[in-house]
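Here is how the chains run, residue by residue.
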Amino acid sequence: MTLPFKFTICLVKSMPRDYPPAPESICVLRLSAIGDCCHTLPVVRTLQAAFPQTPVTWVIGKTEFKLLEGADGIEFITFDKNAGWGGLNSLRKQMAARHYPVLLHMNASIRANLASAVIPAQRRIGFDRKRARDFQWAFSNERIAEQNPARRHVLDGLFQFAEHLGVMERTMRWDIPVTPADTQFATEIVEGSGPVCVISPCSSQRARNYRNWNVDNFVALAESLQNKYAAQVILTGAPTEIEKHYGDAILARTQGVTNLIGATTLKQLFAVISAADLVICPDSGPAHMATAAGTRVVGLYSSSNPERTGPYNDSEFTVNKYAEAVQKEFGKTVREVRFGQRVRNPQAMDLITVADVMNKVAIALENN
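Remember, it's a predicted structure, so these values are computed and weren't measured experimentally.

### Regarding the overall build of the chain
So, step 1. What the chain contains, in helices and strands, is 13 helices and 12 strands.
So, step 2. Its C-alpha radius of gyration of 21 Å places the chain within 12% of the 21 Å reference for a compact globule of 368 residues.
So, step 3. Out of the 368 residues belonging to the chain, those deemed buried represent 55%.
So, step 4. Looking at the chain alone, contacts between residues at least 24 apart form 64% of all its contacts between residues at least 6 apart.

Pasting the structure below:
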């Protein structure tokens, strides 16, 4: 099977561009996670399209850099989130001789706030007060507008930083580079007939994570994909204990499934996702990597709201039991709870059935 890299085409209107004056340089601060950094990339590309002569520096987490390394025209500075004060001091030294007219503080967290404090910048643009978690408002001197409507996707919220600089036209370009070796790795994995279905079963390394479907369902799903579509089923994930447990348990009860959990780099994983016909996963980084690759995603959402964190281009293929989970957990409708409210109940994902997922798979494969 040939490797079909399916990057999203830029959306450019056929009208004259009227951009505001370009800043001399821009620093973007977005450390994590994988999904949010995938959301950030088209915002950076939008700024570069508007200000082609403006250098862009992106302060990013070490893990996330492994995926985005080599992205054209971006200077990356890595920040080791696990190094404590040593990581912060290292960033301070790298920034000591710099000064940015604009800092886009796109990551509201304690670590990111402290990192922002050692980045010399004139305009320090953060979230509005409602979204400026962990006192981010104290580390910025400008704020983006409150989101209107308030209930919008995380990616739309990040685009508000470009809009704050007067850039309204979006360039929806995800161009995560991979090496020829990564491409060859993926090509060899997906060789064969039948649709390639990647299952990334876990959303986190934490065993107690309410976004993870159970092993029995994944076993039944893998068998259904093989029986109905003669699909090549590939498991992916990080080398964590919970993910390795899922992989071993699924493999022990199925036949013909390829287990890549803990066996790929992030670049190799992206190449495999790019080569796939479909990705099936809960609310997790691979859902957004698939969006970046142009691969269809069947998202499994019950404990979190896909309107906020779902696969950006594939809402029609998302299994969405969030409203039912909210009703059971809180006795309220989705509109009556805080946007982004999570349902932290281990039974929430049980609302999703294998039949629900297979119905979405059928629609996704027919539209592929």
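Once the structure has been displayed, the description carries forward.
### Some points on the pairing of strand β5 (residues 121–126)
So, step 1. Two elements, strand β4 (residues 100–105) and β5, share four bridges in a ladder whose sense is parallel. Looking at the pairing, V102 lines up with R123 of β5.
So, step 2. Crossover connection from β4 via helix α4 (residues 110–117) to parallel β5: handedness right-handed.
So, step 3. Sheet analysis places β5 next to strand β6 (residues 142–143), joined by two bridges and oriented parallel. Looking across to β6, one finds that G126 is bridged to R143.

### As for unusual backbone geometry
So, step 1. Following S32, the chain continues to A33 via a peptide bond in cis, the omega torsion being -5 degrees.
So, step 2. Note that A33 resides in the loop between β1 (26–29) and α1 (34–50).
So, step 3. Of note in the backbone geometry, D134 takes a positive phi value of approximately 55 degrees without being a glycine.
So, step 4. By the secondary structure assignment, D134 is in the loop between β5 and β6.
So, step 5. Located in the positive-phi region is A230, a residue other than glycine, with phi close to 50 degrees.
So, step 6. Mapped onto the elements, A230 comes out in the loop between α7 (215–229) and β8 (232–235).

### Some points on the pattern of salt bridges
So, step 1. Taken as a whole, this structure holds 19 salt bridges when the rule is applied.
So, step 2. For D36, the salt bridge is made with R30, and the minimal N-O distance between the two is 3.3 Å.
So, step 3. The exposure class assigned to R30 is buried, which follows from its relative accessible area of 9%.
So, step 4. Via salt bridges that share partners, R152, D156, E163 and R170 belong to a single interconnected network.

### Points about the environment of F161
So, step 1. Topologically, F161 is positioned in helix α5 (residues 154–164).
So, step 2. With a relative accessible area of 0%, F161 lands in the buried category.
So, step 3. Sequence-wise, F161 and S32 are 129 residues apart; in three dimensions their C-alpha atoms are separated by 17 Å.
So, step 4. Those residues in contact with F161 that lie beyond four places of it in its chain are L104, H105, M106, I125, G126, F127 and I144.

### Points about the state of the cysteines
So, step 1. Across all of its chains, the model carries zero disulfides by this definition.
So, step 2. C37 supplies the cysteine sulfur nearest to C38, a cysteine that is in no disulfide, at a spacing of 7.4 Å.
So, step 3. The exposure class of C38 is buried, given its relative accessible area of 2%.
So, step 4. Free of any disulfide, C197 has its nearest cysteine sulfur in C281, 12 Å distant.

### Here we look at the packing of aromatic side chains
So, step 1. Scanning the entire structure with this criterion turns up six aromatic pairs.
So, step 2. Judged by centre distance (6.2 Å) and plane angle (70 degrees), the rings of F218 and Y246 are edge-to-face. Placement of the pair is F218 in helix α7 and Y246 in helix α8 (residues 241–252), with a sequence separation of 28 residues. Of the two residues, F218 and Y246, neither departs from the other in class, the shared state being buried.

The rules behind each value
- Residues numbered from 1 in each chain as written.
- Predicted model: local features only at pLDDT ≥ 70, side-chain atom pairs only at ≥ 80, totals over all residues.
- Heavy atoms only, no water.
- Helix = DSSP H or I, 4+ residues; strand = E, 2+ residues; numbered from the N terminus.
- Rg over C-alpha atoms; globule rule 2.2 N^0.38 Å.
- Buried < 20%, exposed > 50% of the residue type's maximum accessible area, 1.4 Å probe, protein only.
- Contact = heavy atoms within 4.5 Å.
- Pairing = 2+ DSSP bridges.
- Right-handed = clockwise from strand over helix to strand, strands pointing away.
- Salt bridge = Lys/Arg side-chain N within 4 Å of Asp/Glu carboxyl O.
- Disulfide = S-S within 2.5 Å.
- Phe/Tyr/Trp six-rings, centres within 6.5 Å; stacked < 30°, edge-to-face > 60°.

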